[in-house]
Structures are given as C-alpha cells and as structure tokens.
Amino acid sequence: MSTENLPQSPEQQLRKPRVAVVFGGRSSEHGISVVTAGAVLRAIDRTKYDVLPIGITADGRWALTADEPERMAITDRRTPNVEELAESDEGGVVLSVDPGSREVVYSEPGSVPKALGEVDVVFPMLHGPYGEDGTLQGLLELSGVPYVGSGVLASAVGQDKEYMKRVFVSFGLPVGPYEVIRPREWANDPAAARKKIVDFAGEHGWPLFIKPARGGSSMGITKVDDLAGLDDAIAEAQRHDPKILVESLLRGREIECGVLEFEDGPRASVPAEIPPVTSHDFYDFEAKYIDSAAGLVPAPLTDEQTAEVQRLAVAAFDAASCEGLVRADFFLTEDGEFVINEINTMPGFTPISMYPRMWQESGVAYTELVDRLIQAALTRSTGLR
C-alpha cells in the first residue's frame, strides 16, 4: 500500500524531509556497513534534510546512535561497530508497521516510549543478509516508508548469487561456469557434495573460488589451487553462509560499471578496471577495504568495449528488476568477451569506493549522487509499482 497520497499536516508541509540512515546489521559485513553509512552521513545536505542515524547491532537490536560520522571510519585496520556508537546499551528503535504512520519510537526498559517523529525516507546502508537481501525492504514495504535502492525481489536476487546467475541466463546474459552446494546436500552426504566440486574442477580446471552464495565484500571467499585446500575453503565459506557457490577461474580483466536510475531510466557510468593485486591472491576484503587497492577509472577500454559493458550493465539492472542503483561486475576474458560475475544492489559507498568514483568520473559528484538517490526514493511509492 502506498502512502504517497496521504494528506500532509501543515507541519509535514513546512519541515524538511527526514532521512533515516540505517546501518550495521547482523551480517558479517557489519563493519563495512558502518563505514559506508559514515560517508553518506557526511555527504547528506543538512540544509535540505533532517537526518536520523539508526544502527542495527550484530544481534539485531535497532539502536539510536550519535550523528558522528567521524567515528565511523576504519582505524588501525579495524572496522567500527554499532555497539560503540549506540546511545544506550538497552534502548531500542521501533518503526511502525502501520502504513498510515511513519512514526519512529524509541524506548528503554522502565521508561515511557519516546516518539522521534516521522521518517519520510530510509537510506538502508546495509550489506549482506538481514538488510541488503530484501528483508529490510519487506519491512519498509509493510510500513509504507519509501527507501533508497531496489525492492524486495531485486534485493533478494542480487544477494543470492545462484539465483542471480539463473536470472541472467534466462535473459541471455553471459555468465561463467558455476556449481552450488546447498546445506541439505552437505548435511546428508558431504562426500557426494565434495565429489560434485571435484568433478566440477575436473571439467573446468583448477583453481576454483569457493564462496558464500549469499555474501558480499569478498568475505568468506577462498581461491583453491588443488584438493589440499578444499575442505578449509568450504568451512570458511560456510562460516558466512550454509549454501556455497563454486566458480572456475576466468582469465581476463576485472571490469566494473555503475548503473544509476535517472528520470528517463537507468544509465551506465564510465567503467572501471580492478588491476591485478600483487600483494593479494585476488581482490579480497583486505585488498578492497584495508589496503585500498586502487582501481583505474575510467577503464582503459576501446569505445566499442565501453559501450558493450555499459549495455550489459543496464541489461543486468533490468533483468533483476533493480531500482535506484547497482554496481555490475564483469570479466573481460582473453578472447575479448564480457562475462557478468555479479551485481551489487547496495555497493560500497564511501567516496573512494568504485561505484561513487565511476559516477564522479561520469559527472555526478558524491554529494549529488547521495542527493539524487534520496530524491528518487522520495518520489517512488511503496507497494506494487
């Protein structure tokens, strides 16, 4: 049900739109979510918007946090967490699920609940399960609160790499070889599940990448060169997700492209290239966020290659029914073909992250990018659309 046509009180008509920036969460990407939210909080134009920072702790409590983005940065190779930012160890924030009200209430044990006012739009800076995967989006749909980014279906598809690839294949988009091991397969017959991976390696060759099927930020991924490292790689992936994805090595260049929804539809940014990271085995979490491996923006591609990867990025955006923004990741293989690896419906969003950098190079500065996403969400209804 949409709330866009609900009558507004004189106070609502006069006040600035209130943006709730929600971050943290229960996934293993909690810390990166906090870092990303800090960058967005710094960029939001406070002359245009009121801001309400809401952190979700690792155990799922919604906490009122201080609006102090300077405390939300990586320090000494350590990511921040919501527990350090929460104004109370016990207080909780509750968003009404009544679509006729967007009221946010704060309560602590033994105290009278305190109304914090209404929220006009949510900027969900959550990465991974319990936030980026359609779960938070479903809550916001029930609450009738507009939000930045993709809806329930696209968020779920974008999080689950198996079904993402299945959707892409159904739309004729090129994907690389992969195999999936579901939790039941591993629980019922681990030897058969392991053989499935070994047979995949026999067909496509080593090395393999063993990944959580529903993870992000390159967490839980292991490059496996032979059988000796397989069991440890499976265990590491399963620490993040009981369903694992197995992919073969695609030899070529790593190319990324941002997609942003404009009034006339989605457009692609200039692409970027992730050059080989000599200090890491692949472009893993440490290379991305701790050691800040530099990408090349724009990517050194021919005009034809640039046009093709932009076309594929928008096609992937449309195939998964995405909204707002997406970062699409590709391999440019040695035979000159693009293969889509994955999309990210809420990509890393610090000013040095690849998605904002690609749009900066395309003429959309970071603060304008944040503002455009908020404005688009404010004009989009909840419910079927």
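What you are looking at is a predicted structure, and each value in this text was computed from that prediction instead of being measured.

Peer 1: Describe in detail helix 5 (residues 152-159), supporting the description with residues and values.
Peer 2: Residues Ala 154, Ser 155, Val 157, Gly 158 and Gln 159 constitute the buried set of helix 5. In this structure, the buried residues of helix 5 make contact with helix 4 (135-143), helix 6 (161-170) and strand 16 (338-344).

Peer 1: An account of the sheet that holds strand 1 (residues 18-24) is needed here, citing residue identities and associated values.
Peer 2: Strand order in this open sheet of four strands is 3-2-1-7, and the pairing throughout is mixed. Looking at which strands have only one partner, the edges of the open sheet turn out to be strand 3 (62-64) and strand 7 (121-125). Along the sheet, successive strands turn relative to each other by an average axial angle of 30 degrees, direction set aside. Across five bridges, strand 1 lies against strand 7 in parallel orientation. Each residue of the ladder has a partner; that of Val 21, found in strand 7, is Phe 123. Where helix 13 (residues 366-378) meets the sheet, its contacts fall on strand 1 and strand 7, and the angle it forms with strand 7 comes to roughly 130 degrees.

Peer 1: Got a sec to walk through helix 9 (residues 230-240)? Specific residues and values, please.
Peer 2: Every buried residue of helix 9 is listed here: Leu 230, Ala 233, Ile 234 and Ala 237. Projected down its long axis, helix 9 carries its buried residues within an arc of 100 degrees, all on one side. Those residues of helix 9 that are exposed and aimed more than 90 degrees away from the buried face are Asp 232 and Arg 239. The inward-facing, buried residues of helix 9 contact helix 7 (183-188), helix 8 (190-204), strand 9 (208-212), strand 10 (222-224) and strand 11 (244-248).

Peer 1: Any chance you could break down the pattern of salt bridges for me, citing the residues and the numbers?
Peer 2: Using the criterion set out here, one finds 28 salt bridges in the structure. A salt bridge links Lys 243 to Glu 162; the nearest nitrogen and oxygen atoms lie 2.8 Å apart. Here Glu 162 lies in helix 6 and Lys 243 lies in the loop between helix 9 and strand 11, a separation of 81 residues in the sequence. The class for Lys 243 is buried, based on a relative accessible area of 6%. Classification of Glu 162 by relative accessible area gives buried; the value is 0%. With a closest N to O distance of 2.9 Å, Glu 308 and Arg 311 form a salt bridge. Within this pair, Glu 308 and its partner Arg 311 are both found in helix 11 (residues 303-319), separated by three residues, close to a single helical turn. Put simply, Glu 141, Glu 261, Glu 323, Arg 380 and Arg 385 are held in one network by salt bridges that share partners.

The rules behind each value
Along each chain, numbering runs from 1 in the same order as the chain's sequence is written. Predicted model: local features are reported for residues with pLDDT of at least 70 only, side-chain atom pairs are reported and counted for 80 or more only, and whole-chain, interface and lining totals are derived from all residues. For side-chain calculations, the full set of non-hydrogen atoms in the structure is used, while hydrogens and water are omitted. Type-normalised accessible area, obtained with a 1.4 Å probe on protein chains alone, sets the label of each residue: buried when under 20%, exposed when over 50%, and partly exposed for intermediate values. Counting from the N terminus, the helices are DSSP H or I runs at least four residues long and the strands are E runs at least two residues long. Should any heavy atoms of two residues lie within 4.5 Å, those residues are counted as being in contact. One bridge is not enough; two strands pair if DSSP finds at least two bridges between them. Axis angles are defined between N-to-C directions and span 0 to 180 degrees, where every axis is a line fitted to C-alpha atoms and, for a helix, only to the segment in contact. Of all possible arcs, the one meant is that of the directions from the helix axis to the C-beta atoms. Here, a salt bridge means any side-chain nitrogen of Lys or Arg that lies within 4 Å of a carboxyl oxygen of Asp or Glu.

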